[in-house]
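The lines below spell out each chain.
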Amino acid sequence: MGGTKTAAPSSNWLALRKRLTTDSETSGRPPKRRRVSTTIVQNAAAESSTSVPSQPGWKSTLGDTAPELQALIRGEWDPLLSETQKLPGKYLAMDCEMVGVGPNGTESSLARVSLVNFNGAIQLDEFVRQRELVTDWRTAVSGIRDVDMIKAKPFGEVQKLVADLLKNRILVGHAVHNDLHALLLKHPRPMTRDTQKLAAKEKLLGNSRFPGLRRLIEKEFQIQIQSGEHSSVTDARATIALFRLYRKQWEKISGPAPPASSAHAKPSKPVATNTDVEPEEDSLFIKPKASKKRKHDGSEKSRDTYPGGGRKGVSSGLSTVIKRRTSGAADSQAEKSKWWEGLPNSGPISGGKDSLRIGRKSV
């Protein structure tokens, strides 16, 4: 009657303990690990990795999402591109850097030209040899120093390289007419995509007529460029990234490209005119049209020129300029009228309230 009895273990527990004891005594190897599907491991690694791939040949073209285009601007795609992706392709983005020449460096001279393709791969990056004395390198903005001129090429050689690359291709640039003017080149307007004009038309920065590239990139990609020394390669990549972000809707605005036979860049002759005027398709500068005036019968003819540049009976700004008659025509006109014969020799002239006497004053 003293102590309590412990409950006997169940048959299931006894069988489990016997099996565990037998396995531990007979097996000297550790238990096998569970196999995990390779597909699950690959999916987990892809989700944890960044948007930049870890090996080349991952796909034919880059994506147009903001993170991928951020990597394009920073140049992170370069070592990952295949040989095919490094070819020029259909689109080329261009940017140039200038240095100062002349008194106090007020005049700009082309010093560097960079072109990248649709994937940001560098197609051309050359320094231009200066033909004048550089008075301001503008290093804080242009990033160019005098040592960069050691391997610089002549202007004509760089101009030809650019013209050959742009032949039959679409040129993308920000205020690209300035770069074409510096290179003395012209490019067909249907084959040109100016991101400054397109961004202003879409009002990406409100009502700004000339939106800057730095502000556009900061707004669209949250990346700061041109904060210090500029790089024409970085600016060209930023331009093509901005174009890729809005390419579908901007191509609708620009319209179809012309045939490849007529789409090429040509050297243009330097013309002494306003450098701020944007080039037209057939000429680098806008040519002033000849002034015309309409006759009474409706036909048009060129305006007659007179001494001083004015017109008959119209002030040229200094005085009224008229076309003088010849001496023979003046004499015949005077003989025909003879207006002086009607003047009296003396006495008052009738017809007025106050008469006037013509004669000598007696002394």
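Structure: see above.
An account of the accompanying structure is given in this report.

Conventions used here
- Residues numbered from 1 in each chain as written.
- Predicted model: local features only at pLDDT ≥ 70, side-chain atom pairs only at ≥ 80, totals over all residues.
- Heavy atoms only, no water.
- Helix = DSSP H or I, 4+ residues; strand = E, 2+ residues; numbered from the N terminus.
- Buried < 20%, exposed > 50% of the residue type's maximum accessible area, 1.4 Å probe, protein only.
- Contact = heavy atoms within 4.5 Å.
- Areas by Shrake-Rupley, 256 points an atom, 1.4 Å probe, with all protein chains shown as cover.
- Pairing = 2+ DSSP bridges.
- Axes fitted to C-alpha atoms, helices over the stretch in contact; angles between N-to-C directions.
- Parallel < 35°, antiparallel > 145°, perpendicular 65-115°, else oblique.
- Nonpolar A, V, L, I, M, F, W, Y, C, P; charged D, E, K, R; others polar.

## Considerations on the overall build of the protein
- When you go through the protein residue by residue, the secondary structure sums to 11 helices and 12 strands.
- Scored against the burial criterion, the 363 residues of the protein give a buried share of 33%.
- Across the protein, the fraction of contacts at a sequence separation of at least 24, relative to all contacts at a separation of at least 6, is 60%.
- As displayed, the protein offers around 25,100 Å² of accessible surface, 51% of which is attributable to carbon and sulfur atoms.

## Things to note about unusual backbone geometry
- Within the chain, Asn-168 stands out as a residue other than glycine whose phi angle is a positive 65 degrees.
- Note on placement: Asn-168 falls in the loop between helix H5 (155-166) and strand S5 (170-173).
- Residue class for Asn-168 comes out partly exposed when judged on its relative accessible area of 35%.
- Of note in the backbone geometry, Gln-222 takes a positive phi value of approximately 55 degrees without being a glycine.
- Structurally, the position occupied by Gln-222 is in the loop between helix H8 (213-221) and helix H9 (232-245).

## Thoughts on the pairing of strand S3 (residues 122-127)
- Relative to S3, strand S2 (residues 107-117) is paired through 5 bridges, and the arrangement is antiparallel. Note that in S3 the partner of Val-113 across the bridge is Glu-126.
- Counting the residues between successive antiparallel strands, the hairpin from S2 to S3 contains 4 residues, one of them, Gly-120, with a positive phi of roughly 85 degrees.

## Remarks on the packing of H9 against helix H10 (residues 247-254)
- Direction vectors running N to C along H9 and H10 enclose 85 degrees, while the axes themselves pass 5 Å from each other. Taken as axis vectors, H9 and H10 run roughly perpendicular relative to one another. Across from Leu-242, Phe-243, Arg-244 and Leu-245 in H9, the residues of H10 making contact are Arg-247, Trp-250 and Glu-251.
- The class makeup of the residues in the contact of H9 with H10 is 4 nonpolar, no polar and 3 charged.

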